[in-house]
Amino acid sequence: MLRQPRRLISAGIAIALGVAFMTATLLFGSSLSAAVRDLAGGQVGDAAAVVTANENEDATPIDRQVVDAVAAVPGVERTRALYESWAQLSRMGAQTQVGVNNLPELTEKTTLAEGRLPQSDGEVAVSTHLRDSYAIELGEELTTQSYLDQHQTQSKVVGVIDPGSDAVTSPDSDYLFATDDGATAITGITGYSSIMVFGEDPEALKTAIGDSAAIKDGGFTVRTGTEQVQHQIDMLAGASRSITSFLLIFAGIALFVSVIVIANTFSILVAQRARQLAMMRCVGATRGQVFATVIGEALVLGAIGSAAGLAFGAGLAWVFLHFGQGLFNTEVTFSASTGAFVAPFLIGVAITFLSCLGAARRATAVAPLAALHPELATAETKRLGPVRGILGALLVLAGAGLLVTGWRMAGTGDDEAHMTATILTAMAGAILAWLGVIVLGRGLIPALAAVIGSPLGRASAPGELAVANSRRNPGRAAATANALLVGVTLIGTLTIGAACSQATVDHELGDHYPQDAIIAPTGEISDGVLHQIRDTEDVTGAERVTTVHAQASGGDTTKDVDVMGVSYAAAQLSRAPQRYDGVGDGEFLTDDTDFADGQRVTVSQDGRSVELTARVSPTYESALVVTPATMAQLAPDASTIVWVRYADKADAQHVTSQLGQIEPLKNASINSGAAERAVYQQLIDMVLMVAMALLAIAVLIAVVGVGNTLSLSVLERTQELGLLRAMGMTKGQVRQMVGLESMTLAAVATVIGLGLSVVFGIVGARALLESPDISLVVDLPWLRLALIVAVALLAGWLASLAPASRAVKVTPSAALATE
Amino acid sequence: MTTTIAQPLTTAVRTEQLTKIYGQGDTRVVALDHVSVDFWRGEFTAIMGPSGSGKSTLMHCAAGLDTPTEGRVLIGQVDATALNDKSLTLLRRRRVGFIFQSFNLLPTMTARENILLPLKLARTKPDPAWFDTVIAVLGLTDRLTHRPGELSGGQAQRVAAARALITRPDVIFADEPTGALDSSSSDELLDFLARCVHELGQTIVMVTHDPHAAGYADRLLQLADGRIIADKRLHEITGQTPQRPSRPEGGEL
Ligand SMILES: Nc1ncnc2c1ncn2[C@@H]1O[C@H](COP(=O)(O)OP(=O)(O)OP(=O)(O)O)[C@@H](O)[C@H]1O
Ligand SMILES: [Mg+2]
């Protein structure tokens, strides 16, 4: 085989791609751990000991007294207390989370970029990243909101700090720096996160501090500087290790696909060389020698492919780290561990070896007699045997059973153990069913090819030939399509799962945030302003809604309630219009079960009162929803808010900040549910995108495999092609034939893959999301699924280009040349 | 059998100064050396000669399967050597039929599908009467649903002959069609080919090593070292088969 290196190129590419993926992942991981080590060391610096507050919620905060007590411990030369917390920064209607720290020490790494350091409580400095993200200028007033009690603080920007890893955990992100009291004032949270203690003997200091009463009573942790660094590495490295293992799963999938492709390549090559091998046996080669020939070739191929993959993967990792720094909050420099080079190489060689064992074993089974009787050599029409048939059917049945169990279990329990069990059951079901389908491939794939291909066959001679060719060798067709099936199933499952999750989350958030935005102005809303809101880009509607606090009494209940006057037009703007729909004059809607459906309730406010009929249903709001006319009777001067509806594809953050810039709304509070939903959507989309990009490698390998099988089949059919050409098949028709064969296989893989995906995606999303109070919303993303089909067919066609151009090179006279 | 008056013969295929040279320098082989020959319509020509004398090369060039180094090939009135690949392919599809020594049929198709394949490639509808005539003449009526693997060698060659005939080509080229057959199957096939010529008015050019097979032909060309060294008429065809239309209507056999 090595004498015909062209036949092995694609198998080599499959190995190289899998190995490259793995190398890149490992190198990325090792670079990340190096960065983590750097980062962890940063804040601790040359502190001899570190005191940290406990991580659990109700731990005593480290307050000023504790810091003073530590400073008073003999041997302590100096202390530095770090304050690290968060707040929400509102700027022009948009909200963002920022870190709030006390002032860092200025060092080589941490410098003052502009202005000066804050000196009083009302002053802050911003990090360079925050300045650049929001174009903040010196002298500006920033409004922040506490996460603890929602109180707002105004602070003046007096400086810009370029923080280094010795000051903060992620230098390239958004921070506000303030004096200790200033920082506490912004967040409303008291207590330092840690105290850096400087002195001579770390161990002695650790013991001395640990023995002091203040530390003992507070239950704080004391570590030496070195211990603290190690502790942080352990924590951060956990995160970087999980990124690496996440990536390795995808590398594993890619390698799995490579195994299918390589095994298929070798078994085709062995089948094609059967006569040659038989001839070798005839002239005296032993079985062992035949076996060794095939294995030897595989090892050479594996070594070359893996070496190429190693180089390629290292290049990829380097390029990614070089140009992709923006993705990280800290600098990650390329750093290689030996393992990252040795492991992928060995694995590459090993999987090539394992993949071709079957083919090598089959090679030894070629009888010497086959040299004389060609038909013995070409008995490679592997159909679905009874063993595979039964095994496959059992796997599918078992998988289906588990999937149904998973479906039933989902949503019946809320605790972690139950959820985990549900997910594992569904996952095991999916894997078993999927393996079953792969095992049944030899029967399933040719059968489906016949069905899918039948219109092609009727349309033209090349189509008919293509479909016949694709089914001709069931074992080969199945292996080729299965490689593609792996990628398509995973991508399809993720796409459908993501769409269902998105729909479910949307539905849930629609309940929590029924309005895209609610504007609560400081004063009245004039018609002019309302028009300005409506005219804002991507705003599809805005309506006034009135609200008032009132007392409601009916029967023996009397309670304080919120009353909302919602017009029909306003209700239609909501994402949950059913909450407000159909309210008539003289009645109110509520889900408050203190009232009974049909009960007469007196609602009074500021000396006025109206008597209304209650309509109670769990679909309604907790507030009492009335018509604007009822509201006018009850409270003519109720305060007005505005409900706003955004366009469905709008960039919610952007629209919200546009609204915030309308002059009379500068001080209004804009509460955007759409922005909140967008955050989830972006998150889901990002996870989906990353996973797709990673799976693309597996698909690429599979496509290489399709091209590979076709090329080898074309070589095998030289005579046939010559015959067709002699009979008047044009080059165009030959290309069409090879292309259609490839696309038929791709279509079969896609149909099976997407069929499985629908089941796996929906069951998976249900197992992951559903709980007693959340029910799954099924949403099939037709457009994306159509895109997957289109891409798969296109990939099939692309894979056929090289084999097709090889096929048209066959001259008609080749058919006349026997042998 | 409509007329007994001899008409002048027209050529189905004609070669002019056909030369084919393979390789260069030391490996240079002159396979055909300025061969000029006419193959007449309705004539059964056999080509014989020692191995390596250029028989297959002549056939390939004359059939438009290969391009000559020098000289011209006229198929019907068309200069095949001046055509590009696409036009040449279409010319072959319409005007030329082939029967090879072995491997004539596509293994994935039934006998019927194999026979109809050239028409399907050209996207034309088969003429049912002609189809029935051809399979009746070749005795294939009850073999149509078989795949090549299920046919005997002789049957497979007859299917190939049927496929060559179905498009009513100007000429059928057969390269050692009986090479892989035993003598009785071989006689059967040759008998059919001769009937095609004499009863259906088909033009056939056949390469063979077997003098017995050549005996079925009307004319015998002998080749040696890429040159024609003899051109003998074996039967007086003009008397036997009057110039019938080269594309006879079917069904009147
Ligand atoms: N593709 C080729 N490349 C180089 N030389 C060739 C090629 N095909 C044929 N030849 C040479 O051309 C000459 C004529 O070959 P051709 O196949 O026409 O002989 P033939 O008369 O058909 O022989 P046989 O009876 O053995 O089939 C031979 O010497 C052969 O070696
Ligand atoms: Mg020959």
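The structure under discussion appears in the preceding block.
Only a predicted model underlies this, so the values are computations on that prediction, with no experimental measurement involved.

Engineer: What is the right way to read the sheet that holds strand β1 (residues 49-52) of chain A from this model?
Structural biologist: Through backbone hydrogen bonds, the strands of a sheet pair up, either in parallel or in antiparallel fashion. All names here are of chain A. The strand order across the open sheet built from 4 strands is β2-β10-β1-β11, with neighbouring strands paired in antiparallel fashion. Edge positions in the sheet fall to β2 (76-82) and β11 (221-224), since each of these pairs with one other strand and no more. Shown here is a sheet whose adjacent strand axes are inclined to one another by a mean of 20 degrees, direction ignored. In the sheet, β1 pairs with β11 via 4 bridges, with the strands oriented antiparallel. The residue of β11 that forms the bridge with Val51 is Val222. Across the face of the sheet, helix α2 (residues 64-72) comes into contact with β1, β2 and β10 (194-199) while running at roughly 160 degrees to β2. Against the sheet, helix α5 (residues 202-211) contacts β1, β2, β10 and β11, and its axis sits at roughly 170 degrees relative to β11.

Engineer: Is there a simple way to think about the packing of aromatic side chains in this case?
Structural biologist: The relative placement of two aromatic rings is captured by the distance of their centres and the angle of their planes. Residues and elements named next belong to chain A. For the structure on display, the rule yields 6 aromatic pairs over all chains. Seen from their ring centres, Phe256 and Trp434 are 6.1 Å apart, and the 50 degrees between their planes marks the pair as tilted. Of this pair, Phe256 sits in helix α7 (residues 225-272) while Trp434 sits in helix α13 (residues 416-439); the two residues are 178 residues apart in sequence, bridging distant segments of the chain. With a relative accessible area of 34%, Phe256 lands in the partly exposed category. If you follow Arg78 out to its NZ or CZ, it ends over the ring of Phe198, 4.1 Å from the centre. Here the basic side chain of Arg766 rests over the ring of Trp407, its NZ or CZ set 4.0 Å away from the ring centre.

Engineer: Before we go on, may I ask you to explain helix α14 (residues 441-459) of chain A in this structure?
Structural biologist: One full turn of an α-helix is made of 3.6 residues, so residues set three or four places apart face in the same direction. Between its first and last C-alpha, α14(A) extends 26 Å over 19 residues, near the 27 Å set by a 1.5 Å rise per residue. The largest bend along α14(A) measures about 55 degrees and falls at A:Gly453, with the proline A:Pro455 one to four residues further on. Within α14(A), the full set of buried residues consists of A:Gly441, A:Arg442, A:Ile445, A:Pro446, A:Ala449, A:Gly453 and A:Gly457. The elements touched by buried residues of α14(A) are α12 (386-409), α13, α15 (461-472), α16 (474-512) and α23 (731-769) of chain A together with α3 (111-121) of chain B.

Engineer: What is the right way to read the pairing of strand β3 (residues 84-91) of chain A from this model?
Structural biologist: Along a regular strand, successive side chains alternate from one face of the sheet to the other. Residues and elements named next belong to chain A. Burial of β3 is extensive: 6 of the 8 residues sit out of reach of the surface. Where β3 meets strand β7 (residues 141-145), 3 bridges bridge the pair, whose relative direction is antiparallel. Bridged to Gln88 within β7 is Gln145.

Engineer: Looking at this structure, I do not really get the pattern of salt bridges. What am I missing?
Structural biologist: Side-chain pairs of opposite charge can arise where the charged atoms are in close proximity. For the coordinates displayed, the defined rule picks out 35 salt bridges over all chains. A:Glu105 is paired through a salt bridge with A:Arg78; the nearest N and O atoms lie 2.9 Å apart. With A:Glu105 in the loop between β4 (94-102) and β5 (111-115) and A:Arg78 in strand β2, this residue pair connects regions lying 27 residues apart in the sequence. For A:Arg725, the salt bridge goes to B:Asp85, with nearest N and O atoms at 3.0 Å. Of this pair, A:Arg725 sits in helix α22 (residues 718-726) while B:Asp85 sits in helix α2 (residues 85-95), on two different chains. You can call A:Arg725 buried: its relative accessible area is 2%. The exposure class of B:Asp85 is partly exposed, given its relative accessible area of 31%. Where salt bridges share partners, they join B:Arg14, B:Glu16, B:Asp38, B:Arg72 and B:Asp79 into one cluster.

Engineer: How should I be thinking about the site of ligand 1 in this particular structure?
Structural biologist: All names here are of chain B. Taken together, 13 residues surround ligand 1, and among them Ser51, Lys55, Ser56, Thr57 and His209 come closest. Measuring from an oxygen atom of ligand 1, one finds a backbone N or O atom of Gly54 at 3.0 Å. Between an oxygen atom of ligand 1 and a side-chain N or O atom of His209, the distance comes to 2.8 Å. For ligand 1, the accessible surface in isolation is 620 Å², of which the surrounding protein chains cover 60%. Contributions of two or more residues to the shell around ligand 1 are made by β2 (29-40) and α1 (55-62). By residue number, the principal contributor to the shell around ligand 1 is α1, which donates 3 residues. When the residues that make up the shell around ligand 1 are grouped by side-chain class, the tally is 4 nonpolar, 7 polar and 2 charged.

What counts, and where the lines are drawn
Each residue is numbered by its place in its chain's sequence as written, counting from 1. Just so you know, chain letters begin at A and ligand numbers begin at 1, following the order they were written in. At least 70 in pLDDT is required for a residue's local features to be given in this predicted model, at least 80 for side-chain atom pairs to be given and counted, and no such filter applies to totals for whole chains, interfaces and linings, which use all residues. To get the side-chain values, take all heavy atoms of the structure and skip hydrogens and water. A pair of strands counts as paired when DSSP detects no fewer than two bridges linking them. The helix and strand labels rest on DSSP assignments: H or I over at least four residues marks a helix, E over at least two residues marks a strand, and numbering proceeds from the N terminus. For helices, the fitted line uses only the C-alpha atoms of the stretch in contact; every axis is such a line through C-alpha atoms, and the angle between N-to-C directions lies from 0 to 180 degrees. We call two residues contacting when some pair of their heavy atoms lies within 4.5 Å. Pairing of aromatic side chains here covers Phe, Tyr and the six-membered ring of Trp, requires ring centres within 6.5 Å, and sorts the geometry by plane angle: under 30 degrees stacked, over 60 edge-to-face, intermediate tilted. Type-normalised accessible area, obtained with a 1.4 Å probe on protein chains alone, sets the label of each residue: buried when under 20%, exposed when over 50%, and partly exposed for intermediate values. By the criterion adopted, a ring carries a charge over it if an Arg CZ or a Lys NZ lies within 6 Å of its centre and within 35 degrees of its normal. By this rule the span expected of a helix is its residue count minus one, scaled by 1.5 Å. Note that bend, as reported per residue, equals the angle between axes fitted to the 7 residues terminating at that residue and the 7 residues originating from it. Any Lys or Arg side-chain nitrogen located within 4 Å of an Asp or Glu carboxyl oxygen qualifies as a salt bridge. Definition of nearness: a residue and a molecule or strand are near each other if at least one heavy atom of the residue lies within 4 Å of the molecule or strand. Two N or O atoms count as a polar contact when they lie within 3.5 Å, although within protein this holds only if one can serve as hydrogen donor and the other as acceptor, and sequence-adjacent residues are included solely when both atoms are side-chain atoms. Here the open area of atoms and residues is found with the Shrake-Rupley method and a 1.4 Å probe, where only the protein chains shown may cover a residue. Ten residue types, Ala, Val, Leu, Ile, Met, Phe, Trp, Tyr, Cys and Pro, are classed as nonpolar, four, Asp, Glu, Lys and Arg, as charged, and the remainder, Gly among them, as polar.

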